[in-house]
Each structure stands twice: as C-alpha cells, then as structure tokens.
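Residues per chain, in single letters:
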Amino acid sequence: MRLTRLTDWLEAQRDIDCVGQPLNGVVQRLLPAGPVKNALTGTWLGHPLHPVLVMVPIGSWTSASLIDVAVGRSTTAARRLIGLGVVAAVPSALSGLADWSDTGGSEQRVGVAHATLNTVALALYSASWWSRRRAEAAGGAGTAGAVLALAGMAVATGAGYLGGHLIYAQGVGVDTNAFHSGPDDWTTVAAIDDLPDEGALAVTAGNARLLLVGQGAQIWALENRCSHRGAPLSDGTVEDGCVTCPWHGSRFDLRTGEVVAGPATVGQPVYETKVVAGQIQVRRQEERSLRTNPDGPG
Ligand code: FES
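Chains are numbered independently. Their residues run from 1 in the order of the written sequence. Two thresholds apply to this predicted model, a pLDDT of at least 70 for residue-level local features and 80 or more for giving and counting side-chain atom pairs, whereas whole-chain, interface and lining totals are computed over all residues.

Points about helix α7 (residues 105-138)
At step 1: In this description a helix means any DSSP run of H or I spanning at least four residues, a strand means any run of E spanning at least two, and both kinds are numbered starting from the N terminus. The span one expects for a helix is its residue count, reduced by one, times 1.5 Å. With 34 residues, α7 should cover 50 Å at 1.5 Å per step; its first-to-last C-alpha distance of 50 Å lies within 8% of that length.
At step 2: Following α7 by one or two positions, G139 has its phi on the positive side, about 75°.

So this is what it looks like as structure tokens:
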C-alpha cells in the first residue's frame, strides 16, 4: 500500500478536528503573536526552526540504538544520549507547536497525528532512560531499555514521515513565493490614478500577484502572497512603512520586503517601480532579501 493513501486518508479525517481545533485554540492563546512565538518559529533565523531542532533528538536517539547494537548491552553513554534526546525534544516540540498553531484543515489534522506519534515516542524513550538507569544500578544488561528505544525509533520514524508530508506535500513552513517570479522586464500593471493616496492596490503582472502601495511620490511593489501561508497582503494593513498580514500578523518592510515581525521567516519579493505616461510599471528586483530586518523599518 502506498503511504500516500494513508496520508490522504488522514487528511480527510474531520473527526480529528474535535481534538485539533480546541487544542489549536489553546496553543494560540499560550503562544500569541510576539517575540516568544517568533523565536520558536525561526523568524530570527530566516528559516523555520523546528526542522533544525529535531535533529538533536533524532541524532541522539539513533546513536544510542547504534551503540546498543554495537556493544550488545545498554551502556551509560547510550543512556545519556537517550536523556539528551528527551531533553532536546522539549524545545523541538514547542517550535513545532508554534508552527502548528498557524495551520488549519488537513494540515492541522496531519499535525495532530505527527504530534501524537512524537509524544508516544518521547514516552517510550523516557521509559527507556528510566529502565536503563535501573538496570545500571542493578548491574543488568538493560535489554528492556534497548527494546523500548527501538520501539521509540519505530514510532518516531512514523512521526518523521508525517512531518515530511506536512512540509513537502502540504507546504507548511515552505516559502509560498519560492516558485513565483514576476516580470523581469518593465510591465504596466495599473494607471497611477487607480492607486489610492496612502493606500494599497492589488494588481497582476503576468502570473504574479502584486501589492502596490503609494506613499507620497514613492510607489512600493511587493508580491501580494504572504511568504508564510499565502494570505493576500492586500487584505492587511499598511502602516509605518510596513504591511501587516491579515492572517497571522507578520509584518514586511515595504521598501525591502524584509520580515520585520514574524511568524514569517522569509521576506517578500519586491519589485522596482516607475511611472511612464501615467502608467505604473514594475519589474522584479535582481536581489531578493530572504533575511529578517533586525533594525525594523527605517
Ligand atoms: S499567512 Fe501567516 S503571517 Fe501571512
């Protein structure tokens, strides 16, 4: 059976919403938009933090089982690696929850299954650590601890598969503008009279959807699709040289597209603008800033 059938089935299980939606509300209340959530999502890093953090428990736990197999019994080194993984799983889980709090529908359901399996794996590894410790004190081989670790690895592998599905198939954490590219050549998108004073206008340029913002004599142009989860920035608010996303509150510098506030981790593509015979023209900037602006808007 292809595993994608399993994930298709999981995505369609609306019964999970009975648990997922209230839980999502709790996580949103515990991790509201702000510095803590931004730190956990990876806004400061310019990259989602969760995939980085999970490497520590996965590496520690895998190494422990390899030592078990190589030595033929539980060792202090393996127990310490199991313990390191258990401790490191806590910030990994928190960063995952921060990402998950901004999901809905099928992504949220797969996220519930991913988190459930990870919780089971964490419990098995915690039991493994405890069992090994008791075995060490009693001079035993720690076979039960090694078996519990292998069971944890099997469950964590399933959780990892769903985590990969969330990213690669459902696009959670992916820059939604990764494959979008506006025109390289000057392209007319609107008449200058259509652009409201101090206001925003959504336009299209080829396949790209852009946000135009007029401020005095200056016209800024950004990709309209929020890099975080794809909200139309034209439905957001423009203030202090930034546009704020209507869905989860990420703020982007209008001049550079840089992330001023998360949870987005990647900036918006920006476009050069000029006015010719009363028509606004745009073209893609050569360089795209992917980094967070540490100083905020200037
Ligand atoms: S879609 Fe989440 S901040 Fe824009």
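Section: the sheet that holds strand β1 (residues 187-191)
At step 1: A pair of strands is labelled paired if DSSP reports no fewer than 2 bridges between them. Spatial ordering of the open sheet is given by β1-β10-β9-β4-β3-β2, a layout of six strands whose pairing is antiparallel. Strands with a single pairing partner mark the edges of an open sheet, and in this sheet they are β1 and β2 (200-205). The average undirected angle you get between the axes of adjacent strands in this sheet is 35°.
At step 2: By the bridge criterion, six bridges tie β2 to strand β3 (residues 208-215) in an arrangement that is antiparallel. Paired with A202 across the two strands is L211, which belongs to β3. Interaxial angle, 0 to 180 degrees, is taken between N-to-C directions of lines fitted to C-alpha atoms, where a helix line uses only the stretch in contact.

Quick word on the nonpolar core
At step 1: Membership of the largest hydrophobic core comes to 29 residues, with the highest contact counts inside it found for L210, L211, L212, A221, L222 and V243.
At step 2: Only β2, β3, β4 (218-223), β6 (242-244), β8 (259-261), β9 (270-276) and β10 (279-284) provide two or more residues apiece to this core.
At step 3: Sorting elements by how many residues they give to this core places β3 first, with five residues.
At step 4: We define a nonpolar core as a collection of buried residues of the types Ala, Val, Leu, Ile, Met, Phe, Trp, Tyr and Cys that are connected via C-beta atoms lying within 7 Å of each other. For the exposure call, what matters is how many other C-beta atoms sit within 10 Å of a residue's own: 20 or more marks it buried, 12 or fewer exposed, and in between partly exposed, using C-beta atoms placed from the backbone. W61, A78, L122 and L166 belong to the second-largest nonpolar core, a separate cluster that totals 24 residues.

Side note on unusual backbone geometry
At step 1: Cis geometry is found at the peptide bond from G262 to P263, where omega equals 15°.
At step 2: Its place among the elements puts P263 in the loop between β8 and β9.
At step 3: With phi around 50°, D240 is a residue other than glycine that occupies positive phi space.
At step 4: The residue D240 is located in the loop between β5 (237-239) and β6 in this model.
At step 5: When the 11 C-beta atoms within 10 Å are taken as the criterion, D240 is described as exposed.
At step 6: Residue A277 is not a glycine yet carries a positive backbone phi of 50°.
At step 7: Judged by local crowding, A277 falls into the exposed class, with 8 C-beta atoms found within 10 Å.

Comments concerning the domain arrangement of the protein
At step 1: Domains are outlined according to an automatic or database domain assignment. As assigned here, the protein comprises domain 1 (3-169) and domain 2 (187-284).
At step 2: In this structure, domain 1 and domain 2 have C-alpha centres spaced 38 Å apart.
At step 3: When the residues that make up the side of domain 1 that touches domain 2 are grouped by side-chain class, the tally is three nonpolar, six polar and two charged. Amino acids are sorted into nonpolar (Ala, Val, Leu, Ile, Met, Phe, Trp, Tyr, Cys and Pro), charged (Asp, Glu, Lys and Arg) and polar (every other residue, Gly among them).

Topic: the sheet that holds strand β7 (residues 251-253)
Two orientations exist for strands paired in a sheet by backbone hydrogen bonds: parallel and antiparallel.
At step 1: With antiparallel pairing, the four strands of this open sheet are ordered in space as β5-β6-β7-β8. Taken across any chain shown, the strands that pair with only one partner, and hence form the sheet edges, are β5 and β8. Here the strands of the sheet are splayed against their neighbours by 30° on average, with no regard to which way each runs.
At step 2: Alignment of β6 against β7, held across three bridges, turns out to be antiparallel. Bridging from a neighbouring strand, C242 pairs with D253 of β7.

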